[in-house]
Every structure is written in C-alpha cells, then in structure tokens.
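The chain contents come next:
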Amino acid sequence: MKKHYGKFLVTAGTAAAILAGCGGGNDDGSVTLELFSNKSESIDTYQALIDQFEEENPDINVELEAPPEAETVLRTRLTKNDMPDILSIGGNATYGEFAREGVLRDLSDTDLLSQVQSSYVDMLGQLAGPDTEGSFGVPYATNANHVIYNKAKVEELGIEIPKTWDEFIAALETAKEAGEVPLYLTLQEAWTGMAIWNGVAGNIVPEDFAEMKNNGEASFVEDYDEVAEKMLQLLEYGHSDNFGIGYGDGNSAFANGEGVFYIQGNWAIPEIREANPDVELGTFALPSSNNPEENNLVSGVDVALAISESTEHPEEAEKFLSFMLEQEVAEQYMNEQSAFSAVEGVYQEDEVFDGIREYFENDRLTSFQDHYYPAGMGVENLVLDMLINGNKTEGLEVIDSEWEAAQNR
Amino acid sequence: MKRDHAFLLMVIPAFVLFFIFHTYPALQGVFYSFTNFKGYGNWDFTGFTNYFKVFQDSRALGAYGFTFQFAIVSTILVNIISVLIAMGLNAKIKFRKTLRATYFLPFILSVLIVSYIFQFIFTHMVPDLGQALGIEALSKNILGDQDLAWIGIVIVAVWQSVAFNTLLYLAGLSTVDEQLYEAADIDGAKAWSKFWRITFPLIAPFFTINMVVAMKNFLMAFDQIIALTGGGPGRATESISLLIYRGGFEAGQFAYQSANAVIYFIVIVVISVVQLRILERKEVK
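Residues numbered from 1 in each chain as written. Chains lettered and ligands numbered in written order. Predicted model: local features only at pLDDT ≥ 70, side-chain atom pairs only at ≥ 80, totals over all residues.

Chemist: Talk me through the overall build of chain A; I want residue IDs and the actual numbers.
Modeler: Across its full length, chain A holds 18 helices and nine strands. In terms of principal-axis extent, the alpha carbons of chain A reach across some 70 × 45 × 40 Å. Burial statistics for chain A: of 409 residues in total, 48% are counted as buried. In chain A, once contacts between residues fewer than 6 apart in sequence are set aside, the share between residues at least 24 apart is 78%. (Helix = DSSP H or I, 4+ residues; strand = E, 2+ residues; numbered from the N terminus. Buried ≥ 20, exposed ≤ 12 C-beta atoms within 10 Å, placed from the backbone. Contact = placed C-beta atoms within 7 Å.)

Written as structure tokens, this is what we have:
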C-alpha cells in the first residue's frame, strides 16, 4: 500500500513538472493544451485529428494523453489539482461525480451544445444529478449495447432475428440443438457480465431506479428480480467454461466461428473484425421484454468532451471542441471507431449496424443502468458472484446492502 | 569528528529521500484516514468513523479472510520447498552452479509478466491438456472457479518466491560445518535425524527471517492478483492491497481506504513481531 502512495507522488510530481514546463503559454505566444482521453482504442484517430487541428491553428499545440487505467490516473491528478485542459471521458458515474464537484467548466453559454442531439445532453445531465445546474460535457460519440450475431450461422440455422424474449430463448434453443454454442460468454472478466445486465435491465427496470433507490422507494431485490432470473436463464446457453474465458479470448473465439450470439457493445466489433476480417456480423437490440414495443436499445455516451474548470486557456480549448464537432471531423472519428455520433447530421453507416439503426432514428433509446450506480460499489463483481452461485435473492440482497455501504463511505 | 560527518553524509540523502517519498506520504495517509477526503475537493474531520466502518464492511472482512488464507498457505509451501531445493543445491551434485542459477531465474522476472504467462497457461494450456487426457478437474480454467482461483494465485506466488527464499537458505546451509555431519555419521545417525537435529537448528535464524519476510510479502500481494484474476471471480480473490487500491483510487474512498490501510499496517506489524518473538525463542542461542 505504501508503495502506491510513493508511486502516486512520483507520478503526480512528474506530471506537475511537465505541465509547469509546457503549460501557461510559451514564449512565442503559442499555447499548449493537454487532451486527456480514457480510450486507448482511439489514440491513432485522435492523433490524426490533432495534426489536422494544429495545421489549421498553428499557435495551438495539443498534447494527447491516453494512459492505461485512465480513470484512476485522472482521479490521482485531481487529488493534486492538476487537471488536463480538455477531457475526453466516458459518460459514467465518474463523469457525474466530476460534474457535481465543480471540476468541469460550464458549457451552457457556448454554442457547442446546440450541435449535438439533446437526448444525450440530457443523459449527461442526469448523471450529474438533479441538484447540479449547468451542462459540463458535450456528448460526442455514443455507444450501443446489443446482441452481435454471426450472420452465416444464423442463416444456416434458419433463425429469424428475435423481437421478444421468448423468441430469443427459442433461437438459443435452436442453436443448442444444432450443437452450436448458442451464446458466447466471457465472464472471466466481470465487466462483460454488465453488458448482459444492462441489456436486460434497460427495458425492465424503471429508468430512474437510482434516484428511487436512494430515496428508499426501490430495491434490487424487488426491481431486479426479473433481470437476475433472465441472466441466470442465459447461463444455460453458454459454453463449457463460462467463467474461465475473458474478453480478448472471447472476441477471437467468436470471430472464428464459436458461438452464434454474443452480447457486447459496439466497441467489440472492431476487435472481432481484427481477429477475423472475413467474419460477417449483424446486430440487434437485446429483446429483454416480451412486448416488442417495450424493447429499446441500451445506449450511452461513450465519449463526452469537457473542459476543466482550472484551465488557463478556455478559449483555445473551446476552439478544439468546435473543431471536433465539425461534420467531416466527426464522420472520420465515428467511422474509424465504429461509434455512433451524438453530433447532429453525422450517422454511422456501417452495415453491421443495420439492425439497430432504426432505434437511433426513432429515438428508441434507454440508458445503461449501471452508469447511475455509486462509483465505488464494484457491482460487476457482485453480479458475477450471483451468477456463479445461482442464488438470485441472496445475491440481490448483497447488491442492495453494498449500494448503501458505498453511499455512506 | 570528521569521520562522523562522513558517515552522516552517507546516511542523510537516503534518509531524506525515504522521508519524502515514503514516511511523509504514509503520515499523510494516516492524517486523511481521520477525514472524509474523497481524493479531491473539500473535506472535514470525522474522527474514528472510518475505522468503525471498516470493521462492519463485509467486503473488507472478505478480503482479510482471503489474504490470510493465501498468505499462510503460501508461506508454509514456500519455506518447505525452498529448504528442500536449497539442500539439493547444497549437496555435491553435477551442474550445481548452473542449477543454482536456473532456480534463481524466477526472481529476476517481473511478477506481472510471470503472472500473465501463467494466466495464459491456466486459461489455454491446462484445460487443453485436461480435455485431451479426459481429466474433468483440469478441463476448466481454475481461475474462473471461485473455490479454486486462489490455488492458481498460490501456485504463481510460490513459484516465484521460492527463488529468493532458496537463496537465503543456501546462505544458511553454507554456514553449517561439514564435520558435524561426519561426526553424526560415525554415531550412526539417519538422514532425518541429521536434518532435524543438526541442519535445522543451525539454519533456524534463516528460517525465522524467511518466514517473516515471506509472510509479509504475501500479505501485501497485489501484482499477481491483478494479472491473474483481477480479484475475481466475483470478489473471491480480492486481497487487501487490491481493495485499498480499488476503493481508494477508483472509487473516491481515499480517506476510508486510508483507514483500512492504517489498520492493515498495524496488523502486519503485530504479526511480524509475534512471528519474530516465537521463532527466535526456538533458535539455538
């Protein structure tokens, strides 16, 4: 433990030294901005866009910082009041915390927010909570939590894309009888279980569950009973070692023809294609309810752009954000990242997403439930625990009590 | 007087560095453990509240349970295996030097890299082998099983730590006078009683230090667990260091986990002192 304090001080110290060296305007009048990104997948894309931006604005220098364990790094830097100028981070509980704590700059008065879809602006607003006034992030790229399927196998088995839960189970049953692995599970990494949890819960649990839970009006035992039940049901359609295979291995196994269905987000698609460029994939929203009209697509803000409150160059930082929102720039980002766009007028055209496009067009979207959970409860491990032990009620009771414990720590 | 200055000059830089990068942050941690500091922003003093909460925290208690189980089993295994290897390497065998170097290799490899390699072995090679041989117990990844994952971690931790402990035991064995064994042979002593009556008492100080160091290292296990299981499945292999890191840096519980760390620091000190007392009493003076 002491080791970590040491490391952390050194890291913070180095970071401070670097910032002191290059921040605060250089002698020749040029300005250096630090862009902090939490996605290692987008480093190349960002680097190319930054080069373009710097060419257009020769007096602004943008340094990209995309470390592993980015959220942890960001928190430790926050401890030292050493925030990067521009943040490119996920729209999750950590974002909400930053917005509440006044770490981010209020962008309400800029024209940035008018260029993006308002439903995602609202989603970020919900993360910050009802007591926080202002808009602190520009939703940029969004994601989708869906079922990915192997087109060749689905056609071979004669499966129609399911619209209800019963149809989905029937499809899994058909695959099982044909001797295929119906659903490829990668539960060695607990977070992959949350793709299923969020997918199922998105259409079953009330969207303001977190607020109700904090007011004592809702609980996991009551409201997530059906979610847990359905997740346990899905376990029956996995492979022989559901808890022994991780995300990376799962992506390559699925790419190479193991498994008919795979519940993951759009971020997995570039990885699967990298493992086997010839694989033909399709997607559909996980139909967790038996009423097809209730089945919406779970989608969240994958990348929100924000400016730190303490930056010395707010104008230049805003300039960079406007640049990112330009149609051509946004198109390039979305294509390279297989992401969906929150920017008005920019669409994801990849045919793998044909099956879910209508959800975006008709605004049939619902959010990731776990983005509203308290950051510290480690819910993915609790869910995994429940899946391994198959003890639905007991597992949900633990999640309930851990929520309360995390709230008063 | 001049010599004193020279010695001071040698000691002071190390002391200053140690104080700045080790003692001072540790004291800061103790200070924050009495607050509700999240890692940033404003904070207030909350007295001993954090400490009371740790004792009621089922996650922390679970982590203590796992860490002690892991540390005790690993410490015992490491010491048994190291003594055996050290005695083998101390005997007059062929390729003694090459073998010594080979057995020391694991120590110079990075814990993280070794752990990732073992993770690959547990995920792919062992199950493939198990399936090929038709052995049910081996055909799944043990890291994916809540009851077995800790064994995987013990295997990696022991494999790596044996190297250093063997080295210490070898140093111990080289201090034992050969004539004692010759005398024992003349008296007709069997191999077991030679070990138990002569070798072991003479290397007892090394046994003490090995037990204390191994136990302390295993109680602070972190790298192996991050690489092998990330604390899972569920929370089955979450060690205390991992919990402190996760909660403190990833979940905004800086003050709370500082309190946990202070408690754990006291626990480790107490255990080390008790171990030293008990084991030293048994040493031959």
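Resuming the write-up.
Chemist: Just give me the short version of the overall build of chain B, but keep the residues and values in it.
Modeler: Broken down by element type, chain B carries twelve helices and zero strands. Counting from the amino terminus, helix and strand elements in chain B follow one another as α-α-α-α-α-α-α-α-α-α-α-α. In terms of overall dimensions, chain B has a C-alpha envelope of 75 × 75 × 30 Å along the principal axes. For chain B, the residues scored as buried account for 36% of the 285 residues in total. Within chain B, counting contacts between residues at least 6 apart in sequence, those at least 24 apart form 73% of the total.

Chemist: Before we move on, could you go through unusual backbone geometry and cite the residues and values that matter?
Modeler: Even without being glycine, S338 of chain A reaches a positive phi, approximately 50 degrees. Relative to the helices and strands, S338 of chain A is located in the loop between α15 (327-337) and β8 (340-341). Overall, the presence of 21 C-beta atoms within 10 Å leaves S338 of chain A in the buried class. Phi at F95 of chain B is positive, roughly 55 degrees, even though this residue is not glycine. Relative to the helices and strands, F95 of chain B resides in the loop between α3 (58-90) and α4 (96-108).

Chemist: Provide a residue-level description of the nonpolar core, including the pertinent values.
Modeler: Nonpolar side chains tend to gather and get buried jointly when the protein is soluble and globular. Residue and element names in this part refer to chain A. Residues I86, Y140 and A304 are the most contacted members of the largest nonpolar core, which totals 120 residues. Per-element accounting of this core gives the leading share, eight residues, to strand β7 (residues 297-307). Here this core spans two domains, since at least three of its residues come from each of domain 1 (2-140 + 301-349) and domain 2 (144-298 + 368-407). Beyond its immediate sequence surroundings of up to four residues, A304 is in contact with I89, G91, Y95, L124, G137, V138, P139 and Y140. (Core = buried A, V, L, I, M, F, W, Y, C linked by C-beta atoms within 7 Å. Domains from an automatic or database assignment.)

Chemist: Tell me about the domain arrangement of chain A, residues and numbers included.
Modeler: All names here are of chain A. For chain A, the assigned domains are domain 1 (2-140 + 301-349) and domain 2 (144-298 + 368-407). Each of domain 1 and domain 2 has a C-alpha centre, and the two are 30 Å apart. Contacts between the two partners involve nine residues from domain 1, matched on the other side by eight residues from domain 2. Among the elements that take part in the side of domain 1 that touches domain 2, helix α4 (residues 93-100) stands out by supplying three residues, more than any other. Partitioned by chemical class, the residues of the side of domain 1 that touches domain 2 number four nonpolar, four polar and one charged. (Nonpolar A, V, L, I, M, F, W, Y, C, P; charged D, E, K, R; others polar.)

Chemist: Quick one: what's the story with the UniProt feature "domain: ABC transmembrane type-1" (unreviewed entry) in chain B, residue by residue and with numbers?
Modeler: Mapped onto the present numbering, the UniProt feature "domain: ABC transmembrane type-1" (unreviewed entry) falls at residues 64-275 of chain B. With 77% helix and 0% strand, residues 64-275 of chain B has end C-alpha atoms that lie 18 Å from one another. (UniProt positions renumbered as here; feature names shortened; annotations may be inferred.)

Chemist: Can you explain the packing of helix α8 (residues 190-201) of chain A against helix α17 (residues 379-389) of chain A? Please cite residues and give values.
Modeler: All names here are of chain A. One way to put it is that α8 packs onto α17 with a least axis distance of 8 Å and a crossing angle of 80 degrees. Put simply, α8 runs roughly perpendicular to α17. Where α8 abuts α17, its residues A190, W191, G193, M194 and W197 lie against E380, N381, V383, L384 and L387. For the contact of α8 with α17, the residue count by class is seven nonpolar, two polar and one charged. (Axes fitted to C-alpha atoms, helices over the stretch in contact; angles between N-to-C directions. Parallel < 35°, antiparallel > 145°, perpendicular 65-115°, else oblique.)

Chemist: I'd like to hear about the interface of chain B and chain A, residue by residue, with values.
Modeler: Counting residues at the interface gives 36 residues for chain B, matched by 29 residues for chain A. At the level of secondary structure, the elements contributing two or more residues to the side of chain B that touches chain A comprise α1 (2-32), α5 (111-133), α11 (240-250) and α12 (254-282) of chain B. The element best represented in the side of chain B that touches chain A is α11 of chain B, accounting for seven residues.

Chemist: Can you explain the pairing of strand β2 (residues 60-65) of chain A? Please cite residues and give values.
Modeler: One face of the sheet, then the other: side chains in a regular strand alternate in exactly this way. All names here are of chain A. Of the strand pairs in this sheet, strand β1 (residues 31-37) and β2 are connected by six bridges, and their pairing is parallel. Counted as the bridge partner of T32 is N61 from β2. Crossover β1 to β2 through helix α2 (residues 43-56) is right-handed. (Pairing = 2+ DSSP bridges. Right-handed = clockwise from strand over helix to strand, strands pointing away.)

Chemist: Describe the confidence of the model for chain B, and please don't skip the residues or the numbers.
Modeler: The pLDDT averaged across chain B works out to 87; a share of 98% of its residues lies at or above 70. Predicted complex metrics record ipTM = 0.71 and pTM = 0.77. (pLDDT = per-residue confidence, 0-100.)

Chemist: Lay out the UniProt feature "transmembrane region" (unreviewed entry) in chain B in plain terms, naming residues and giving numbers.
Modeler: Within this structure's numbering, the places UniProt gives as "transmembrane region" (unreviewed entry) are residues 7-27, 66-89, 101-122, 148-174, 195-215 and 261-279 of chain B. Overall, residues 66-89 of chain B shows 100% helix and 0% strand. The separation of its end C-alpha atoms is 34 Å.

Chemist: Describe α17 of chain A, listing the residues and the values that go with them.
Modeler: Residue and element names in this part refer to chain A. Burial analysis of α17 places ten of its eleven residues in the buried class, the great majority of the element. All buried positions along α17 are accounted for by V379, E380, N381, L382, V383, L384, D385, M386, L387 and I388. Where α17 is buried, its residues meet α8, α11 (225-235) and α18 (392-407). Phi for G390, located one or two positions after α17, is positive at around 65 degrees.

Chemist: Talk me through the packing of helix α12 (residues 247-255) of chain A against helix α13 (residues 268-275) of chain A; I want residue IDs and the actual numbers.
Modeler: Residues and elements named next belong to chain A. At their nearest, the axes of α12 and α13 sit 8 Å apart, and the two run at 60 degrees to each other. It follows that α12 is oblique to α13 by the angle criterion. As for the relative orientation of α12 and α13, their crossing is right-handed in sense. Residues N251, S252, F254 and A255 of α12 form the contact with α13, whose participating residues are A268, E271, I272 and A275. Here the residues of the contact of α12 with α13 are counted per class, giving five nonpolar, two polar and one charged. (Left-handed = near helix turned anticlockwise from the far one by under 90°.)

Chemist: Describe the confidence of the model for chain A, listing the residues and the values that go with them.
Modeler: Residues with a pLDDT of 70 or more make up 93% of chain A, whose mean pLDDT is 85. Across residues 1-25 of chain A the pLDDT falls below 50, and counting only partners more than four positions away or on other chains, this stretch makes 31 contacts in the model.

Chemist: Which residues make up the environment of S288 of chain A, and what values go with them?
Modeler: All names here are of chain A. Here S288 lies in the loop between β6 (281-284) and β7. S288 sits in the buried class, given 24 other C-beta atoms within 10 Å. Beyond its immediate chain neighbours, meaning those up to four positions away, S288 contacts W165, G199, V200, N203, I204, K230 and N295.

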